[in-house]
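Each chain is listed here by its residues.
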Amino acid sequence: MPADDLILANARMLDGNGFAGASESWLRIADGVIAEISGKPISSKAARTIDLKGRTLMPGLIDCHVHVTAITVDPGRTAMLPDVTVAFGAARIMKQMLMRGFTTVRDVGGATRPLAQAEEAGHIEGPRLVFCGKALSQTGGHSDYRGFVDNRSAESQTYRLGAMGRVCDGVDAVRHAARDEIRQGAQFIKAMANGGVSSPTDPINFQQFSIPELEAIVEEAANAQTYVSAHLYTDEAISRAVRCGVRSVEHANFIEPATARLMKVRGAIACPTLVAYEALHKDAKALGLPDVSLSKNDDVRLRSRGSLEILQRAGVTMAFGTDLLGELHKYQSDEFTIRAEVLPPIEVIRSTTCYAAELLRMTGKVGSLQVGVFADLIAVDGDPLENMSLLGGQGDHLSLIVRAGRVVKNTIDDNGCPE
């Protein structure tokens, strides 16, 4: 869709890469990218000016752990829904994410290339979608939702849009699955390497995939010039996955200091997802989540804040993630205030801007206020460094949202938001 030529005037810039607090800056957008930044007024006959005085201008937010096709809180149920139902539900979820200020998201199990292409072509409105296709799971692993008495073939969900993952066992099978996801356009590979909260037959402390299987998945990703993200909770599972070459450690609730230091040495990046456990604790029983999942959720929830402290002390880079399902997506922005209970506000901002861009391997394209970067921008009514809740809710305190140079929300003037 066509981008707007804009000048954003009198902005207070907030950028984890360096900009912080300048109260009068000007930024010009052209052809979907940031074309000019100046401490003096910018003029252009082709551009419309929006005055941001009193507001904070930030890069568009990045969520590195979402499931946009998770249209219900029950992944097993979602996997059996018709593809068209899931597609329409995903479009609604993506639009809501965009209106919370998230202009790029990384889907770590479920989304497919056609869904990303639909957003890119403007058929649906949402964030830029980085995706892994289907997560890889062993039989009985965290993406095998068949339960104890469901003996359907594992293949019954492999190519359904609502399925979060696909089942594969053995070195040859995981190689095939990784190659097949890459064939279908996957931009990285996701492996379920630990037990999970929502899956029915695997306790949290179950280690999943053998070391040779994990090494094969990592090798196939490396051969395709990409990386492996892994679902991991326990310290032992994190340590062996990082030693196998996993780059993106999702969750990491039970990590210990020695393993955090190993992550730092190996250059692995953590993507904690604290709001997922708080949201499940708050709402999931009413939504019908089984008692076994509620119990597992409490186990990981109680360790989540401590894991942030351990990772921070070790100097591990932490990206922003949420991991919400179905009706719980509405809590996405609560991750900001939860992290701010433990981390300095600027670190929380960096997790959703420059650190997130590093994890996505999109530094210089998203997550910063620099010339040449995609014009993904939000204007906040106030200073998030002083009040992190300004990034919370449903975008209530975001007066301007720009995605790739196109204004998608503008409450500042009467001419800013297209029909």
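Residues numbered from 1 in each chain as written. Predicted model: local features only at pLDDT ≥ 70, side-chain atom pairs only at ≥ 80, totals over all residues. Heavy atoms only, no water.

Going by the annotation in an unreviewed UniProt entry, the name recorded for the chain is Amidohydrolase family protein, with Mesorhizobium australafricanum given as the source organism.

A.B. asks: Any details on the overall build of the chain? Residues and values, ideally.
C.D. replies: When its secondary structure is counted, the chain shows 13 helices and 17 strands. Here the C-alpha radius of gyration of the chain, 21 Å, is about what a compact globule of 419 residues would show, namely 22 Å. Counting the 419 residues in the chain, one finds 59% classified as buried. Considering only contacts within the chain whose residues lie at least 6 apart along the sequence, 69% involve residues at least 24 apart. Carbon and sulfur atoms make up 50% of the accessible area of the chain, which totals about 15900 Å². Side chains of the chain carry 44 positive and 51 negative charges; the gap between the two charge centres is 2 Å. (Helix = DSSP H or I, 4+ residues; strand = E, 2+ residues; numbered from the N terminus. Rg over C-alpha atoms; globule rule 2.2 N^0.38 Å. Buried < 20%, exposed > 50% of the residue type's maximum accessible area, 1.4 Å probe, protein only. Contact = heavy atoms within 4.5 Å. Areas by Shrake-Rupley, 256 points an atom, 1.4 Å probe, with all protein chains shown as cover. Lys, Arg positive; Asp, Glu negative; His and termini not counted. Charge placed at Lys NZ, Arg CZ, Asp CG, Glu CD.)

A.B. asks: Residue-level account of the packing of helix H6 (residues 235–243) against helix H7 (residues 257–266), with values.
C.D. replies: Where H6 meets H7, the closest approach of the two axes is 10 Å, and the angle between their N-to-C directions is 20°. Judged by the angle between their axes, H6 and H7 are roughly parallel. At the point where H6 passes H7, the crossing takes the left-handed sense. Contacts from Asp 235, Ile 238, Ser 239, Val 242 and Arg 243 in H6 reach Thr 259, Leu 262, Met 263 and Arg 266 in H7. Per-class residue counts for the contact of H6 with H7 are four nonpolar, two polar and three charged. (Axes fitted to C-alpha atoms, helices over the stretch in contact; angles between N-to-C directions. Parallel < 35°, antiparallel > 145°, perpendicular 65-115°, else oblique. Left-handed = near helix turned anticlockwise from the far one by under 90°. Nonpolar A, V, L, I, M, F, W, Y, C, P; charged D, E, K, R; others polar.)

A.B. asks: Hey, could you go over the pairing of strand S8 (residues 128–131) for me, with residue numbers and the actual values?
C.D. replies: Of the two faces of S8, the one holding Arg 128 and Val 130 and the one holding Leu 129 and Phe 131 are both buried throughout. For the handedness criterion, the β-α-β arrangement of strand S7 (residues 102–107), helix H3 (residues 113–120) and S8 is classed as right-handed. (Right-handed = clockwise from strand over helix to strand, strands pointing away.)

A.B. asks: Describe the pattern of salt bridges, and please don't skip the residues or the numbers.
C.D. replies: Any two side chains of opposite charge can pair if their charged atoms end up close together. The full count for this structure, using the stated rule, is 18 salt bridges. In this structure, the salt-bridge partner of Lys 95 is Glu 125, at a minimum N-O distance of 3.2 Å. On the criterion of sequence distance, the pair formed by Lys 95 in helix H2 (residues 83–99) and Glu 125 in the loop between H3 and S8 is long-range, its members being 30 residues apart. For Lys 95, a relative accessible area of 34% puts it in the partly exposed group. The partner of Arg 179 in a salt bridge is Glu 220, and the shortest N-O contact between them spans 2.8 Å. Remark: Glu 220 occurs in helix H5 (residues 211–223) and Arg 179 occurs in helix H4 (residues 171–183); sequence separation between them is 41 residues. Classification of Glu 220 by relative accessible area gives buried; the value is 5%. When salt bridges that share partners are traced, they join Arg 166, Asp 180, Glu 181 and Arg 183 into one network. (Salt bridge = Lys/Arg side-chain N within 4 Å of Asp/Glu carboxyl O.)

A.B. asks: Account for helix H9 (residues 291–301), naming residues and giving values.
C.D. replies: Among the residues of H9, Ser 293, Leu 294, Lys 296, Asn 297, Val 300 and Arg 301 are the ones counted as buried. Angularly, the buried residues of H9 cover 165° about the axis, an arc narrow enough to put them on a single face. (Arc of directions from axis to C-beta.)

A.B. asks: Describe in detail the sheet that holds strand S6 (residues 61–66), supporting the description with residues and values.
C.D. replies: Taken in spatial order, the three strands of this open sheet run S6-S7-S8, and their pairing is parallel. The strands lining the two open edges of the sheet, one partner per strand, are S6 and S8. Put simply, the sheet's adjacent strands are angled 20° from each other on average, direction ignored. In terms of strand pairing, S7 meets S8 through four bridges, oriented parallel. For Val 105, the partnering residue across the bridge sits in S8 and is Leu 129. (Pairing = 2+ DSSP bridges.)

A.B. asks: Lay out the environment of Arg 266 with the relevant residues and their values.
C.D. replies: By the secondary structure assignment, Arg 266 is in helix H7. On the basis of relative accessible area, Arg 266 is assigned to the partly exposed category, the value being 45%. As for Arg 266 and Val 316, which are separated by 50 residues in sequence, their C-alpha atoms are 10.0 Å apart. The contacts of Arg 266, once residues within four sequence positions are left out, are Val 242 and Arg 243.

A.B. asks: With reference to specific residues and values, describe unusual backbone geometry.
C.D. replies: For His 251, which is not glycine, the phi torsion reads 80° and is therefore positive. Considering the arrangement of structural elements, one finds His 251 in strand S13 (residues 248–254). By relative accessible area, His 251 is classed as buried at 2%. Although it is not a glycine, Asp 323 sits at a positive phi angle of roughly 65°. Topologically, Asp 323 is positioned in the loop between helix H10 (304–313) and helix H11 (334–340).

A.B. asks: Break down the state of the cysteines for me, with residues and values.
C.D. replies: Taken as a whole and assessed by the stated rule, the structure comprises zero disulfides. The thiol of Cys 64 is unpaired, and the distance to the nearest cysteine sulfur, on Cys 271, comes to 5.3 Å. By relative accessible area, which is 0% here, Cys 64 ends up buried. (Disulfide = S-S within 2.5 Å.)

A.B. asks: Give a detailed account of the packing of H4 against H5, specifying residues and quantitative values.
C.D. replies: Closest axis-to-axis distance for the H4/H5 pair is 9 Å, and the angle between their directions is 25°. For the element pair H4 / H5, the angle class is roughly parallel. In this structure, H4 meets H5 at a crossing whose hand is right-handed. Contacts between H4 and H5 involve Val 171, Val 174, Arg 175, Ala 178, Arg 179 and Ile 182 from the former and Pro 212, Glu 213, Ala 216, Ile 217, Glu 219 and Glu 220 from the latter.

A.B. asks: Mind laying out H3, listing which residues take part and the relevant values?
C.D. replies: Burial in H3 covers these residues: Leu 115, Ala 116, Ala 118 and Glu 119. For H3, the arc enclosing every buried residue in end-on projection is 155°, short of the 170-degree limit, so these residues lie on one face. Across H3 from its buried face, at more than 90 degrees, point the exposed residues Pro 114 and Glu 120. Summarising the contacts, the buried residues of H3 are in contact with H2, S8 and strand S16 (398–403). Immediately downstream of H3, the backbone of Gly 122 shows phi near 85°, a positive value.

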